[in-house]
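# Observations on chain architecture
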Amino acid sequence: MGRCGASILPVACPRLGVLGGSFDPPHLGHLVIASEAHARLGLERVLFAPAAAPPHKDRCEQSSPATRMAMTRLAIADDDRFALCDVELELGLAYTRDVLAELAFRHPEHELVFIMGSDSLLQFDSWRDPRGILALCRLAVATRPGDDATAIAAAVARWGGAAIDLIAAPLIGISSTEVRARVAAGLPIRYLVRPAVEELIRARGLYRA
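Everything numeric here is computed off the predicted structure, so don't read it as measured data. (Residues numbered from 1 in each chain as written. Predicted model: local features only at pLDDT ≥ 70, side-chain atom pairs only at ≥ 80, totals over all residues. Heavy atoms only, no water.)

## Quick look at the side chain of D165
- Residue position: D165 is located in strand β6 (residues 164–168).
- If sequence neighbours within four positions are ignored, D165 has contacts with R15, L41, R138, L139, A140 and V141. (Helix = DSSP H or I, 4+ residues; strand = E, 2+ residues; numbered from the N terminus. Contact = heavy atoms within 4.5 Å.)

Structural data, given as structure tokens:
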């Protein structure tokens, strides 16, 4: 077991959060969810892990991995609760299960907590090896107003409620898709992303039509 599996370790292990995603670009919604998980679940730190090549995304429409890594680094630069994790890019990993296995190997003294939105929980059966993921971590699921409570409860029960924490994070109605569309339309994205991320997007001409 990667997470606190050694018998010489105390029962209560420090918790390490993992927030994966394309981060194309990282926006304030990502930061709010990470902050809420950190506070509510007593996480030592939250690792932001940009995906090298998300299997469910159109690769032709993505910014380069290096660019998404740079934006994520800028987004979390002044918050010591957060850290950048480049394991996907370093090893060329494609699936969450493989990323968590590597992190469990690198951080055997921690319990891993994978942070996701409620929409991802409802689609969890379509992920690569969901049972393998749950063997490596807990899930922290950020719920939103308007969620189907019955569907969420059924998903929690299906995957084992003891391994899933629901977090009622503040509602921040921002998506990376919306940010890219606003840039393409010449609309402002200030207050949707961190100023340094906005500046990088402008300087590199990202997302323009």
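## Quick word on the pairing of strand β1 (residues 15–21)
- Bridge count between β1 and strand β2 (residues 43–50): seven bridges; the pairing is parallel. Within the sheet, the bridge partner assigned to G20 lies in β2 and is A49.
- Handedness of the crossover joining β1 and β2 through helix α1 (residues 28–41) is recorded here as right-handed.
- As judged from the five bridges shared by β1 and strand β4 (residues 111–117), these two strands associate in the parallel manner. Across the sheet, the residue bridging to L16 is L112, located in β4. (Pairing = 2+ DSSP bridges. Right-handed = clockwise from strand over helix to strand, strands pointing away.)

## A few points about the environment of S22
- Its location among the elements puts S22 in the loop between β1 and α1.
- The exposure class assigned to S22 is buried, which follows from its relative accessible area of 14%.
- Residues S22 and T72, spaced 50 residues apart in sequence, show a C-alpha to C-alpha distance of 9.7 Å. (Buried < 20%, exposed > 50% of the residue type's maximum accessible area, 1.4 Å probe, protein only.)

## Brief notes about the confidence of the model for the chain
- For the chain, the average pLDDT comes to 91, and 91% of its residues sit at 70 or higher.
- The low-confidence segment residues 6–11 (pLDDT under 50) makes three contacts with residues lying over four places distant or belonging to another chain. (pLDDT = per-residue confidence, 0-100.)

## Focus: the packing of helix α2 (residues 65–75) against helix α9 (residues 195–204)
- The contact between α2 and α9 brings their axes to 8 Å, and the two run at 150°. Viewed along their axes, α2 and α9 adopt a mutual orientation that is roughly antiparallel. Taking contact as the criterion, the partners of T67, A70, M71, L74 and A75 in α2 are, on α9, A196, V197, L200, I201 and R204.
- Tallied by class, residues from the contact of α2 with α9 come to eight nonpolar, one polar and one charged. (Axes fitted to C-alpha atoms, helices over the stretch in contact; angles between N-to-C directions. Parallel < 35°, antiparallel > 145°, perpendicular 65-115°, else oblique. Nonpolar A, V, L, I, M, F, W, Y, C, P; charged D, E, K, R; others polar.)

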